[in-house]
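Topology and contacts: notes
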Amino acid sequence: MQFFQKKIQLQPFSRGFHLITTEVLNAIPEISEINVGQLQVFIKHTSASLTINENADPTVRLDFESHINKMVPENQPYYKHTYEGADDMPAHIKAALMGTSVQIPISNGKLNLGIWQGIYLCEHRNRAGGRRLVLTAFGN
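A brief structural summary. (Residues numbered from 1 in each chain as written. Predicted model: local features only at pLDDT ≥ 70, side-chain atom pairs only at ≥ 80, totals over all residues. Heavy atoms only, no water.)

Side note on the packing of helix H2 (residues 58–71) against helix H3 (residues 88–98)
- As a packed pair, H2 and H3 sit with axes 10 Å apart at the nearest point and diverge in direction by 115°. The orientation of H2 with respect to H3, classified from their angle, is roughly perpendicular. Considering how the two elements wind past one another, H2 and H3 form a crossing that is right-handed. Where H2 abuts H3, its residues Phe64, Ile68, Asn69 and Met71 lie against Lys94, Leu97 and Met98. (Axes fitted to C-alpha atoms, helices over the stretch in contact; angles between N-to-C directions. Helix = DSSP H or I, 4+ residues; strand = E, 2+ residues; numbered from the N terminus. Parallel < 35°, antiparallel > 145°, perpendicular 65-115°, else oblique. Left-handed = near helix turned anticlockwise from the far one by under 90°. Contact = heavy atoms within 4.5 Å.)

Topic: the sheet that holds strand E4 (residues 48–54)
- The strand order E2-E7-E4 describes an open sheet built from three strands, whose pairing is antiparallel. In this open sheet, the two edge strands, each paired with only one partner strand, are strand E2 (16–19) and E4. Taking each pair of neighbouring strands and ignoring which way they run, the sheet shows an average axis angle of 35°.
- Bridge count between E4 and strand E7 (residues 117–123): seven bridges; the pairing is antiparallel. The residue of E7 that forms the bridge with glutamate 54 is glutamine 117.
- Across the sheet, H2 touches E2, E4 and E7, and the angle it forms with E2 is around 150°.
- Packing against the sheet, H3 makes contact with E2, E4 and E7, and its axis sits at approximately 45° to E4. (Pairing = 2+ DSSP bridges.)

A word on H3
- All of the buried residues along H3 are Asp88, Pro90, Ala91, Lys94 and Ala95. Along the axis of H3, the buried positions cluster into a sector of 160°, meaning they face one direction only. Residues of H3 that are exposed and point more than 90 degrees away from the buried face comprise Ala96 and Leu97.
- Turning to H3, the residues buried within the fold contact E4 and H2.
- Following H3 by one or two positions, glycine 99 adopts a phi angle in the positive range, close to 110°. (Buried < 20%, exposed > 50% of the residue type's maximum accessible area, 1.4 Å probe, protein only. Arc of directions from axis to C-beta.)

Brief notes about H2
- The terminal C-alpha atoms of H2, which comprises 14 residues, lie 20 Å apart, in line with the 20 Å expected from a rise of 1.5 Å per residue.
- The complete set of buried residues in H2 reads Arg61, Glu65 and Ile68. Relative to the axis of H2, the buried residues are bounded by an arc of 80° and lie together on one face. Seen from the open side of H2, the exposed residues pointing more than 90 degrees away from its buried face are Leu62, Asp63 and Lys70.
- Elements in contact with the buried residues of H2: E2, E4, H3 and E7. (Expected span 1.5 Å × (residues − 1).)

Here's what the structure looks like:
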C-alpha cells in the first residue's frame, strides 16, 4: 500500500460554493500511481466546509448558497459568538452541517467521481483568507 499526503493553501474565495477539483488534482498527481484506493480531502478550518455535488451548472452552487443562508440566517438574537461579525457563528454552524472532509474512490489512477460530480469548497465567511487543505491518497 502506498500513502501520499500534501498540504495546500487555496487562493482566497468569496463567500459561496466553489469547485476546487482541479486544484486538488493538480496538487496531488501521485493519484496516478494508485490502482485502487481513496483520496481524503480535509479542510483545516471551522468556518468553511467541503462537499461533493454538481460540477456543470453554476446555478447549483448559487442555489446552495441561497438555501443554506435561509437555513442558517445571520443576526439571530440568540447568537453569542459574534466576535468577528454577523457571519461568524452562522459560518461555524454551516461548516458543521456540511462537514470537514470528503472521501473519493481512486480507480485506475483517477478519481472515481460521477460524471457530474466535483469537489466544492463551501466558503461561509464574507472575508476569509486562503483555506488550508490536507490531501491524503492511499491504496495499491
